[in-house]
Structure formats: structure tokens, C-alpha cells
Amino acid sequence: MATVRLENINKRYDNGAFAVIDFNLEINDREFLVLVGPSGCGKSTTLRMIAGLEEITTGSIYIDDTCVNNLPPKDRDISMVFQNYALYPHMTVYENLAFGLRLRKTPKKEIASRVDEAAAILGLGDFLKRLPKQLSGGQRQRVALGRALVRKPKVFLFDEPLSNLDAKMRVEMRSEINRLHNQLDATMIYVTHDQTEAMTLGDRIVVMDQGEIQQVSDPLSLYNTPENTFVAGFIGTPPMNLVAGGLVNRGGILGFRPESVTVLNKGDPAEKVIRCIIDFIEPMGCETYLHLNLSGKKVVARVPPENRYKCGDVIGLKIDFDKASFFNETTGKRVREKEVRECESA
């Protein structure tokens, strides 16, 4: 497979607006890297620049140490899976899978071999004679995956490939893509606005906002130690609670996950307890989310499903500060443990 390196990438449009700002990243051979962020953050533009579908304003992109800035998409040895499947409606599944190989004048026997191999991997063997309109959304997405797979490229690119599927099918296709990565041991770059997809698929995740990288990390580190308040508020369902005034003797923001609190019962020790009012109760089956009012701030606590709370109840929360995060109130950046200790001892 391949490494991909982006050096000082900027994308500026004719109206002066920047879509991507000073993007620097190296993607390892056989890595599954996810670009995630809200709509308009620059993640799809970044992917399209790697593919050669979008011009770079400044900077360089390397695939296996070869600068590809001036190479057309067909010469970059990449395959891209799009959000809308991009299947030819008048062609059968077999013809869709074979189309790119035929354009490259691949021998017929090799085309047949590659199509059969991809169909077997993706469970499409019984559908090769069908037209796209005769397939479900999940089956169409498998065909789109298969069309990329038959190319045997150095790098697979995915641009929000599951956004058109229903919730159940998205879960199934996430598993399918994960299995495909493990089986092929391939380099994959995946764009999504869905942080659940990012957390479940990525070896590493790049969180973007307004064209800039906010943090690059493995999923657990991203969840447990967000680098700033944007990442803290974007990653997690529900996201991290952020409350101003978290640092002693210095303005700051306290961040804590909904599962990092204990709801105290009557009679429990009241030391360092925060009083909250229950605004809304959200049963999720295996757990319940309590949406709380903390002195005008909205916070969420994750509690077991068996509870007898009611809206309007006043409850006590105890935060596990060993799992909490602290952020600078001005910059929004994470405050390191040493700074927190120095602040607490001041």
C-alpha cells in the first residue's frame, strides 16, 4: 500500500475565503485515518485535493514520497468511494465493477478474476446481473466499494459513503468497511461528519474546524484528553460538559464526561457536591441521560436505566476530577496537569 503526506496545504477560493489552512499530516502505510468535523470545516476539500479533484493553492501532497500535485486523478493510484454511490444506472453490477478496468484496457480474464474476487469479498456474487435500481441502498454501497476494490489502488478514499443510509444500515456498513480494511490491510482515508463513525472506524482521527486541524489522535485519547473546548464539545454522544470557573484562583473551564459523575442519594456524604435541577429525562434503554440545570448551565449525566427521578427534582452530583479536563477560558486550549496542580496549590 502507501503512505500519504500533506505539507503546508492551503486551499483558497477566488473570493479570498480559505477552505483549508496550513494542513500538515503524515498518514501511515495501512492506516485507517478519519477526517471528521462539522459541515464546511474543509474535510471533503482536503480529501478531494488528495484525489486530484480539487486544485491546491499552496503546499505539496506526496503518495509514497512522490509529489502528486501535477498528476491527474487517474495517475495517482487511488480509488474514491462517493456519498451518492456514482453507479451507472444502465449497467449491471458486473459492468459497473468492470468499467474502470475496461477503460484501462485490462485483459478480459484479469477483469473477470478481479470482479469475481471483489464480489466474493463483498457478498455480491448473486447480484452481478442486476441493475442498480434493483438493489437496496446497502447493496449499492457495496457495489461502490467493489468498484474501488477491483482497482487494487495504493490508497482508498471515502467521502461520507454512509450518509444516505438509514441508521441500521449504517451500523452494518461500518462493520463491512472495518472488515474490508482488516482483510485488505490497506491505506484508507475516510471523511465523515458523524463522530460515531469516526470513533468506531479510525486508527487515528483528525478533528477539523474552519479549515484547521484541531487535534490528531487515536479515538480513546481524543475522547479522554481533548486538546481544546471545540474537540471536547464535538466528540462524544452526549459531548463533554463544559462549565466556566473550573480552576481555583484562575479563570478556567471545567470539562467532564456525562459518565464521570455520580448522582448522590439522600444521606450520602455531601462533601464537594454540586446541586442541579433535572430539566429533562432521556431514557435510552441500557442507560438514561439526565439533562440538568447547573446554575443556568446545561449539563448531562449518564445514569443506569433503573431510576425514579422526575423532572424538577433537585439532585446532587459528585464529579470524578481524576477524569476531568481543564481548559483556558480565553484560548479554549487544554490546561496541562502540571498547570492544574500549580493552580490548585496557589
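Further up the page is the structure itself.
Residues numbered from 1 in each chain as written. Predicted model: local features only at pLDDT ≥ 70, side-chain atom pairs only at ≥ 80, totals over all residues. Heavy atoms only, no water.

### With respect to the overall build of the protein
Secondary structure summary: the protein contains 9 helices and 18 strands in total. Principal axes of the C-alpha set define a box for the protein whose edges measure 75 × 45 × 35 Å. Out of the 346 residues belonging to the protein, those deemed buried represent 47%. For the protein, the share of sequence-separated contacts (at least 6 apart) that also reach a separation of at least 24 residues comes to 64%. A total of about 17400 Å² of accessible surface is found on the protein, and carbon and sulfur atoms cover 48% of it. (Helix = DSSP H or I, 4+ residues; strand = E, 2+ residues; numbered from the N terminus. Buried < 20%, exposed > 50% of the residue type's maximum accessible area, 1.4 Å probe, protein only. Contact = heavy atoms within 4.5 Å. Areas by Shrake-Rupley, 256 points an atom, 1.4 Å probe, with all protein chains shown as cover.)

### Structural notes on the packing of helix α2 (residues 93–103) against helix α3 (residues 108–122)
Running from amino to carboxyl end, α2 crosses α3 at an angle of 135°, the nearest separation of the two axes being 10 Å. By the angle class used here, α2 and α3 are oblique. For the crossing formed where α2 meets α3, the hand is right-handed. Two secondary-structure elements touch here, α2 through Y94, L97, A98, L101 and R102 and α3 through I111, A112, R114 and V115. In terms of residue class, the contact of α2 with α3 is made up of 7 nonpolar, no polar and 2 charged. (Axes fitted to C-alpha atoms, helices over the stretch in contact; angles between N-to-C directions. Parallel < 35°, antiparallel > 145°, perpendicular 65-115°, else oblique. Left-handed = near helix turned anticlockwise from the far one by under 90°. Nonpolar A, V, L, I, M, F, W, Y, C, P; charged D, E, K, R; others polar.)

### Examining unusual backbone geometry
Geometrically, the link from T237 to P238 is a cis peptide bond, its omega value of -5° lying close to zero. Its place among the elements puts P238 in the loop between α8 (229–234) and β11 (241–244). Positive phi outside glycine occurs at D65, with the angle close to 65°. Along the chain, the position of D65 falls in the loop between β4 (58–63) and β5 (66–67). Classification of D65 by relative accessible area gives exposed; the value is 59%. Unusually for a residue other than glycine, A86 sits at a positive phi of about 55°. Examined against the element boundaries, A86 turns out to sit in the loop between β6 (78–81) and α2. The partly exposed category is assigned to A86, whose relative accessible area is 31%.

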